[in-house]
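Structure at a glance
Spelled out from the first residue to the last, the chains are:
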Amino acid sequence: MGMTMTQKILARHAGLEHVVPGQLVEGKLDLVLGNDITTPVAIAEFNKAGLTQVFDREKIALVLDHYTPCKDIKAAQLCAQVREFAKRFDITHFYDVGCMGVEHALLPEQGLTAPGEAMIGADSHTCTYGAVNMFSTGVGSTDMAAGMATGLAWFRIPSAIKITLKGKLQPCVSGKDVILHLIGTIGVDGALYKSLEFGGEGVASLSMDDRFTIANMAIEAGAKNGIFPVDDKTRAYLDGRVTRPWEAVEPDADAEYEREVGIDLDTLQPTVALPHLPSNTRTVDQAAGTHIDQVVIGSCTNGRLEDLRQAAAVLKGRKVAAGVRCIVIPATQQITLDAMAEGLIQTFIEAGCAVSTPTCGPCLGGHMGVLSDGERAISTTNRNFVGRMGPVSSEIILANPAVAAASAVAGCVADPRKL
């Protein structure tokens with residue numbers, strides 16, 4: 001029996017010719033990632049184990065992006081621990097205020113992720129990098145500590161679900177709608193510890209930003225990872241970013257999948273997820289008119305340049321509705337510069353939006369947009385769990401950037417095609 005893309009990468013990194021679902025392997029790591037919340041815990045475990053060196057200072061990435069710039073004393077203390085560790089071991093890829101960004105947008109931008117490679121990160125959305133044909137998955141801080149010291153990690157080989165895409169995306173529909181539709185179809189546990197393997201002729205219509213968004217939210221279906229094949233768009237994205245050799249993987253023709261799910265992009269509609277699960281999906285028309293207090297456009301899911309372009313196209317020449325707060329957060333410094341050069345930042349400010357330095361802040365109820373009692377936000381983030389962005393009485397609706405922007409103008413959930 002053949003292997004899937006994920007199985008091939010894990011077999012390669014375990015030094016094996018073939019692996020099967022359920023098999024336990026120890027694999028070499030190309031990268032270990034941590035942020036300002038998870039790295040301090042990993043550092044504590046690293047020190048408690050008496051470890052005195054890292055396996056490769058160039059294969060560890062530490063990004064201060066959740067509560068940073070620091071919102072309070074505790075956040076400052078956590079960041080100080082990471083800074084000391086990065087200095088102690090001369091970590092090459094350490095990103096602090098002024099050069100940092102939202103980790104899952106920053107790492108691909110910096111060329112740290114490449115096809116056929118394997119990485120772990122102490123953040124559940126580490127699965128983002130499957131967009132470039134990489135095996136990447138989230139782990140706990142203890143596993144991160146072990147990975148930093150040894151360059152190794154244990155994996156149970158996942159079985160796979162094949163996601164076949166056909167057709168092409170229509171106006172105001174993006175990768176966010178693809179993944180919300182998929183999660184709504186299979187449920188938040190529909191891919192538990194499985195690999196979501198995307199393919200089909202419809203992949204060609206997806207931009208790289210679409211693919212990053214889709215892979216990012218694979219975890220919201222319970223998946224171990226999500227992964228795409230390499231095509232001309234992938235190669236163009238990697239050109240000039242990744243200078244080291246890389247080797248893409250493709251699924252074998254006889255690879256085994258637990259099931260296959262088809263998505264017709266031609267008929268896909270803008271989709272939202274109502275509180276309190278990403279699987280609680282509706283088309284935007286079904287949710288239209290729902291009152292909102294706040295709009296967040298950003299995060300590791302939808303803070304990239306294409307996302308900002310989509311939002312700005314809706315907000316251009318319009319104003320945010322009275323009584324609504326709209327917060328726009330470019331995901332990296334470079335995205336901020338590019339958005340400035342294109343006039344997008346000016347569009348946001350003229351529309352009445354607040355524009356932030358890169359941060360994960362409001363996505364996890366950290367800062368830069370925490371909700372109050374009973375408030376409701378529509379957000380381009382990835383989770384709408386109870387209490388995710390504020391008190392348990394607050395609510396979050398997940399949406400794509402165009403829908404979020406249209407809702408900011410309308411003061412309620414709105415279809416951008418009908419403004």
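Right above here is the structure, for reference.
Here we summarise the structure given alongside this text. (Residues numbered from 1 in each chain as written. Predicted model: local features only at pLDDT ≥ 70, side-chain atom pairs only at ≥ 80, totals over all residues. Heavy atoms only, no water.)

1. A few points about the packing of aromatic side chains
As a reminder, the rule being used: By convention, a stacked pair of Phe, Tyr or Trp rings (six-membered ring in the case of Trp) has centres within 6.5 Å and planes under 30 degrees apart, an edge-to-face pair has planes over 60 apart, and any other such pair is tilted. Counting from the N terminus, the helices are DSSP H or I runs at least four residues long and the strands are E runs at least two residues long. In this scheme, a residue with accessible area under 20% of its type's maximum is buried, one over 50% is exposed, and one in between is partly exposed, where area comes from a 1.4 Å probe on protein chains only. Sitting over a ring, as applied to charges here, requires NZ of Lys or CZ of Arg to be within 6 Å of the ring centre and within 35 degrees of the ring normal.
Within the structure shown, the criterion is met by 6 aromatic pairs. Relative to F85, the ring of F46 lies with its centre 5.3 Å away and its plane at 90°, an arrangement referred to as edge-to-face. Placement of F46 in helix 2 (residues 39-48) and of F85 in helix 3 (residues 73-88) is noted, with a sequence separation of 39 residues between them. Taken as a pair, F46 and F85 share a single burial class, namely buried. An aromatic cluster is present here, built from F46, F85 and F89 joined pairwise through their rings. Taking NZ or CZ as reference, R156 lies 4.1 Å from the ring centre of Y193, over its face. The ring of Y237 carries R241 above its face, with NZ or CZ at 4.1 Å from the centroid.

2. Looking at the environment of R325
Put simply, the test is: In the analysis that follows, any N or O atom pair within 3.5 Å is treated as a polar contact, provided that within protein one partner can donate a hydrogen and the other can accept it, and provided that, for residues neighboring in sequence, both atoms belong to side chains.
Mapping R325 onto the fold places it in strand 15 (residues 325-328). Reaching out from R325, the side chain makes a polar contact with the side chain of E375 at a distance of 2.9 Å.

3. Re the packing of helix 2 against helix 3
Short version of the rule: Axis lines are fitted to C-alpha atoms, over the contacting stretch for helices. Their N-to-C directions set the angle, which ranges from 0 to 180 degrees. Angles below 35 degrees are treated as roughly parallel, those above 145 as roughly antiparallel, those between 65 and 115 as roughly perpendicular, and all remaining angles as oblique. Each crossing is labelled by how the near helix is turned from the far one, with a counterclockwise turn of less than a right angle marking it left-handed and a clockwise turn marking it right-handed. Two residues qualify as a contact provided that any one of their heavy atoms is within 4.5 Å of a heavy atom in the partner residue. Note that Gly is not counted as nonpolar here; it falls among the polar residues with everything else outside the nonpolar set of Ala, Val, Leu, Ile, Met, Phe, Trp, Tyr, Cys and Pro and the charged set of Asp, Glu, Lys and Arg.
As a packed pair, helix 2 and helix 3 sit with axes 9 Å apart at the nearest point and diverge in direction by 55°. By the angle between their directions, the pair helix 2 and helix 3 is classed as oblique. Relative to helix 3, helix 2 is oriented so that their crossing is left-handed. Taken together, the residues of helix 3 that come into contact with helix 2 (itself represented by T39, P40, I43, F46 and N47) are L78, Q81, V82, F85 and R88. When grouped by side-chain class, the residues that make up the contact of helix 2 with helix 3 number 6 nonpolar, 3 polar and 1 charged.

4. Here's the deal with the sheet that holds strand 10 (residues 225-227)
In plain terms, the rule: Criterion used throughout: strands pair if DSSP finds at least two bridges between them.
Taken in spatial order, the 4 strands line up as 10-9-8-11 in an open sheet, and their pairing is parallel. The outermost strands of the open sheet, each flanked by one partner alone, are strand 10 and strand 11 (259-264). Sheet twist, expressed as the mean angle between neighbouring strand axes with direction ignored, is 20°. One ladder, built from 6 bridges, connects strand 8 (residues 160-166) with strand 11; its direction is parallel. Following the sheet pairing, K166 is matched in strand 11 by D264.

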